[in-house]
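# Chain and residue survey
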Amino acid sequence: MGPPGGRGSSGARGSLQHLLLFLLFVGPFNCFASYSRATELFYSLNEGLPAGVLIGSLARDLRLPTASGQQAASLQPPLSFTLASHGLGGQYVQLDNRSGELHTSAVEIDREALCVESSGATIFGGSAAVSSSPSPESCLLLLDVLVLPQEYFRLVKVKIAIRDVNDNAPRFPVPHIRLWVPENAPVNTRLAIEHPALDPDMGTNGVQTYRLRDNYGVFTLDVEENENGERTPYLIVMGALDRETQDEYVTVIVAEDGGTPPLVGSATLTIGISDINDNCPQFNDSQLNVTLYGNSSLGTHVATVHAVDMDLGSNAQITYSYSQKVPQLSRDLFHLNESTGAITLSTKVDGDTPRLHRLIILGNGPGCIPAVITVLVTIIKVMTRPPEVVPRFIANEVEGVVYLKELEPINTPIAFFTIKDPDEKYKVSCYLDGDGPFRLSPYKPYNNEYLLETTKPLDFETQQLYEISVVAWNSEGFHVKKVVKVQVLDDNDNSPVFSEQLIELSIEENNVPNAFLTKLHATDADSGERGQVSYFLGPDAPSYFALDKTTGVLTVSTQLDREEKEKYRYTVKAVDSGFPPRESIATVTITVLDKNDNSPRFINKDFSFFVPENFPGFGEIGVISVTDADAGQNGWVALSVLNGSDIFVIDTGKGVLRAKVSLDREQQSSYVLWIEAVDGGDPALSSTAKITILLLDINDNPPLVLFPQSNMSYLLVLPSTLPGSPITEVYAVDKDTGMNAVIAYSIIGRRGPRPESFRIDPKTGNITLEESLMQNDYGLYRLLVKVSDHGYPEPLHSTVMVNLFVNDTVSNESYIESLLRKEPDISVEEKQPQISIEPTHKKMESASCMPTLVALSIISLGSIALVTGMGIYICLRKGKKHHRADENLEVQIPLNGRISLHMLEKKPVEISNI
């Protein structure tokens, strides 16, 4: 600060107030550095810059040492830069407290929003403010920055000038500007356009020029700038205007600023040409010649004059008057309507009336010289009086109009007409002039009496009004007309007529309730109430159809189902309001269009098929019947196998199920398939059915001998074995079922010292000793055992060799083996074993074969009958049986003779293989 003497007392008081203000922010200090002072920095930047743009470095511009400078070591504590207050201006900048760098903040600076012109006023926000100086080019952001510590303390006033950029286009305050120009405006007439364009930008970025897109060769624009810098466009007339040639010009006014690139705004400019009284009335002709008979009645139309003025409104108003040159006699004889220009006869013509009248008529317009036309009226004097026509109406007549009902009979009288000559010296004749079913004929035996009557019935719908004339003329050529108007009265003689007698409609099924079907339309040629039509449903219409009696709108109140009924046919009536009412009938046919609302339906939920195994590949297993209640493509059904498609295939059209390969019951006794039926709708609907295929066994497997395992094995039998003791057994199984799996054992060949010493149980295969063994019975016994099933039609069998060595010990194994290797010389006995078919392994005593065969036959026949009955029962159920989801799908065919020998436990038998 300078010495106190250099300032006034008010300056001293102001400095003291500033010091007190600084103390509030800086804190108490004992003293200030000798060089503490207020400093001012000035920066400038463009509006709209992003965050982080460097505005300036306070430390560098103030030439203060910083942490990166040479004096960094001596700065203890380091320099600190702080905004004195975060007011309005502080939100636009970011100040680095250490480096003193000033950057733009995330809040974008908009010069037009920040610096609204307010006659140089400053808007403060604490110690930061925004200043708008009187100059429109300046927009200042004012900041107060405190520099600390105490040694470097100062208040820095930072002024940031916001430079304008061209970010706003000119904009007219209204989209449509209308301007009126009088048609007599001279060239170079200037008219201010009251709605100039506005541009928030300043200087050259503001509005600079205006132009017209189409000037029609008669307009241009000029711009005037006032002392405040405001630019106003002016429309300049460059050519002559004529409203009668063109009364309006529509163009576009374009405002352009001075930015780079320039921005433009536009509005529609309509230039209306206002009328002035620059046209006067004019007649098309200068003279009009008219002839008038002397016997014309009062009010007879003589002529009409008409002038034209091209102006508008009051400027085109024309009045007609006689010239002062027209004599008063002519004025009294002929009346001139000053508004219409019609001339009529106002007094009766007599013998003293002049034959020629010159009527000079003026067409007067405001501020115009009158237009002139001359009407020459020539009066032809008539020496005789015209004939007289005296009507006497028979039909109802009011003020010259006769009212007749339609359909009146032929020759209905209308009126009598008396034709006479007032002078009674000329012959008078008459005739009927005009079109219509009327006739005028003499009414005998009277003279000069004529009857007007109809010639055929009248029809109101054909023609409602007739205008005819009874014309009378005498031998002198005088004609007199008597006009008669005949008004035909309507009668209810027409029935309503439908626009279509057969109304064919269609609607998709599953419609919404009260769905619109159509609007019936019937017309009635009668008039008034007789032509008003009401609509009704016929007695054959279902109750869920509704017909509005007034509008004829036909609706259906419920959902229609094509599968329930596809066609509807009923009648509707149109009734008029006449008395008695008349009606007509039309037929409505409604076709319900199909929607895919029905899934395919199998005739059974479950299908079961019994198929013999080894059934040939692609043979027909069965037919899957499926239906779909929908029609057309929605009712097309395609079948497919969901599972097991590698084995089974289905004919999608016929529903025939086939197996690709031959099926073996021994590998799998039953199959469960799921068949899907998909229709052709969009979206498609589907359903599934369960198919159970049960394989019936056929005798395709011979018995399989499990023991003994080899024809070369043998068993040592001690001579001390008691008769009836079991020696060994033959054990076999059969993969078939039922009778095909019932096994019988028999010895068909024997060799040994006394081979009949051993027997085999035909059912169990147990071999027992029949007789006691003697000294001579020692040696090798070879028994050829036949294992046979009871299959149909041909039983299958296997054979096995059972070797028994009777001895106390085995002393020479090689010798026994050599005997086994030799082909045995055994004669085969073809004796069929006889067993009783019972599922048990108990020993059976010898019994007669006959009861066994009878039992087998009964069991076989019962099994066949039972299987047949089960098949018929399954077919008759028709899907009524409900299966559990986890149901065991294997079905056993009940055969009383089934024996599962391979499931029985076997006691081990000691054998020795040498």
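Residues numbered from 1 in each chain as written. Predicted model: local features only at pLDDT ≥ 70, side-chain atom pairs only at ≥ 80, totals over all residues. Heavy atoms only, no water.

### Looking at the confidence of the model for the protein
Averaged over all residues, the pLDDT of the protein is 80; the fraction at 70 or higher stands at 82%. Low pLDDT, under 50, characterises residues 1-36; the stretch is placed with 25 contacts to residues that sit more than four places away or in other chains. Confidence drops under a pLDDT of 50 for residues 117-136, and excluding neighbours within four residues, the segment shows 51 contacts in the predicted structure. (pLDDT = per-residue confidence, 0-100. Contact = heavy atoms within 4.5 Å.)

### Notes on empty space enclosed by the protein
Over the atoms, a rolling probe the size of a water molecule traces out where space has been left empty. Considering all chains together, one arrives at four cavities of 30 Å³ or more under this definition. By volume, the largest cavity is sized at about 100 Å³. Pro708, Ser713, Leu715, Thr728 and Asn803 are, among the 10 residues lining the largest cavity, the residues nearest its centre. Looking at the lining of the largest cavity, the elements that each hand over two or more residues are strand S54 (714-717) and strand S61 (797-806). (1 Å grid on protein atoms, 1.4 Å probe; cavity = no way out; pocket = protein on both sides within 12 Å on 5 of 7 lines; lining within 4 Å. Points joined across faces, edges and corners; volume = space filled by probe spheres on them. Helix = DSSP H or I, 4+ residues; strand = E, 2+ residues; numbered from the N terminus.)

### Quick look at the sheet that holds strand S2 (residues 54-57)
Here three strands make up an open sheet; going across it, the order is S2-S5-S4 and the pairing antiparallel. Every interior strand has two partners, whereas the edge strands, S2 and strand S4 (93-95), have only one. Mean inter-strand twist for the sheet, computed between neighbouring axes without regard to direction, equals 20°. Here S4 pairs with strand S5 (residues 101-104) via three bridges, running antiparallel. Counterpart to Leu95 in the pairing with S5 is Leu102. (Pairing = 2+ DSSP bridges. Axes fitted to C-alpha atoms, helices over the stretch in contact; angles between N-to-C directions.)

### Quick look at the sheet that holds strand S11 (residues 190-192)
Sheet architecture is open: three strands sit in the order S11-S14-S13, paired in antiparallel fashion. Of all the strands in the sheet, just S11 and strand S13 (219-225) have a single pairing partner and so form its edges. Strand after strand, the sheet turns through a mean of 35° between neighbouring axes, direction not considered. Judged from the three bridges that link them, S11 and strand S14 (residues 231-237) form a sheet pairing that is antiparallel. Bridging from a neighbouring strand, Ala192 pairs with Tyr234 of S14.

### A short note on the state of the cysteines
All chains considered together, the criterion is met by one disulfide. The disulfide that involves Cys280 links it to Cys368, with 2.3 Å between the sulfurs. Where Cys280 bonds to Cys368 through sulfur, the torsion about that S-S bond is close to -85°, and the disulfide is left-handed. Taken together, the positions of Cys280 in the loop between strand S16 (264-274) and strand S17 (282-283) and Cys368 in the loop between strand S24 (356-364) and strand S25 (371-380) put the pair 88 residues apart, joining distant regions of the chain. Among the residues examined, Cys280 registers a relative accessible area of 32% and is labelled partly exposed. (Disulfide = S-S within 2.5 Å. Buried < 20%, exposed > 50% of the residue type's maximum accessible area, 1.4 Å probe, protein only.)

### Here we look at the pattern of salt bridges
As enumerated under the stated definition, the model contains 23 salt bridges in all. Here Glu40 and Lys159 are joined by a salt bridge, their closest N and O atoms 3.3 Å apart. With Glu40 in strand S1 (residues 38-46) and Lys159 in strand S9 (residues 154-163), the pair connects residues that are 119 residues apart, well separated along the chain. With its nearest N and O atoms 3.9 Å apart, the salt bridge here joins Glu388 to Lys420. One end of the pair, Glu388, is in strand S26 (residues 388-393); the other, Lys420, is in strand S29 (residues 413-420), and 32 residues separate them in sequence. It is possible to trace a salt-bridge network through shared partners that takes in Arg562, Glu563, Glu566 and Asp594. (Salt bridge = Lys/Arg side-chain N within 4 Å of Asp/Glu carboxyl O.)

### Looking at unusual backbone geometry
With omega at -5°, the peptide bond leading from Thr260 into Pro261 counts as cis. Structurally, Pro261 is set in the loop between strand S15 (248-257) and S16.

### Describing the nonpolar core
Core analysis: the biggest nonpolar cluster contains 28 residues, and Leu58, Phe81, Val93, Leu102, Val145, Val158 and Ile160 have the highest contact counts within it. Elements that contribute at least two residues to this core include exactly S1, helix H2 (58-62), strand S3 (80-83), S4, strand S8 (140-148) and S9. Ignoring sequence-local partners within four residues, the contact set of Ile160 consists of Tyr43, Leu45, Ile55, Val93, Leu102, Cys139, Leu140, Leu141 and Leu143. Grouped together as the second largest cluster of nonpolar side chains are 25 residues, Val302, Ile318, Tyr320 and Val349 included. (Core = buried A, V, L, I, M, F, W, Y, C linked by side-chain atoms within 4.5 Å.)

### Considering the packing of aromatic side chains
One pass over the full model with this rule turns up 17 aromatic pairs. Ring centres 4.8 Å apart and planes at 75° place the aromatic pair Phe416 and Tyr443 in the edge-to-face group. Of the two residues, Phe416 is situated in strand S29 and Tyr443 in the loop between strand S31 (438-442) and strand S32 (449-454); the sequence distance between them amounts to 27 residues. A ring pair is formed by Phe545 and Tyr570, whose centres lie 5.0 Å apart and whose planes are at 45°; its orientation type is tilted. In this pair, Phe545 sits in strand S40 (residues 545-547) while Tyr570 sits in strand S42 (residues 567-576), placing the two residues 25 residues apart along the sequence. The exposure classification of Phe545 matches that of Tyr570, with both residues buried. One aromatic cluster is present, built from ring pairs that chain together Tyr544, Phe545, Tyr568 and Tyr570. Positioned above the aromatic ring of Tyr234 is the side chain of Arg190, whose terminal nitrogen or guanidinium carbon lies 5.2 Å from the ring centre. (Phe/Tyr/Trp six-rings, centres within 6.5 Å; stacked < 30°, edge-to-face > 60°. Lys NZ or Arg CZ within 6 Å of the ring centre and 35° of its normal.)

### Some details on the pairing of S29
Of the pairings in the sheet, the one linking S26 to S29 comprises six bridges and is antiparallel in character. Note that in S29 the partner of Phe393 across the bridge is Ala415. Bridge count for S29 against S32 is five bridges, and the pairing is antiparallel. In the strand pairing of S32, Pro413 is matched with Glu453.

### Structural notes on the side chain of Asp734
Residue position: Asp734 is located in the loop between strand S56 (731-733) and strand S57 (743-751). Comment: no salt bridge for buried Asp734; closest opposite-charge side chain is Arg665, at 6.9 Å. Here the side chain of Asp734 touches Asp736 through a polar contact of 2.9 Å, landing on its backbone nitrogen. Setting aside chain neighbours within four positions, we find Asp734 in contact with Asn701, Pro702, Pro703, Asn740, Ala741, Ile743 and Asp789. (Lys, Arg positive; Asp, Glu negative; His and termini not counted. Polar contact = N/O pair within 3.5 Å; in protein donor to acceptor, adjacent residues only side chain to side chain.)

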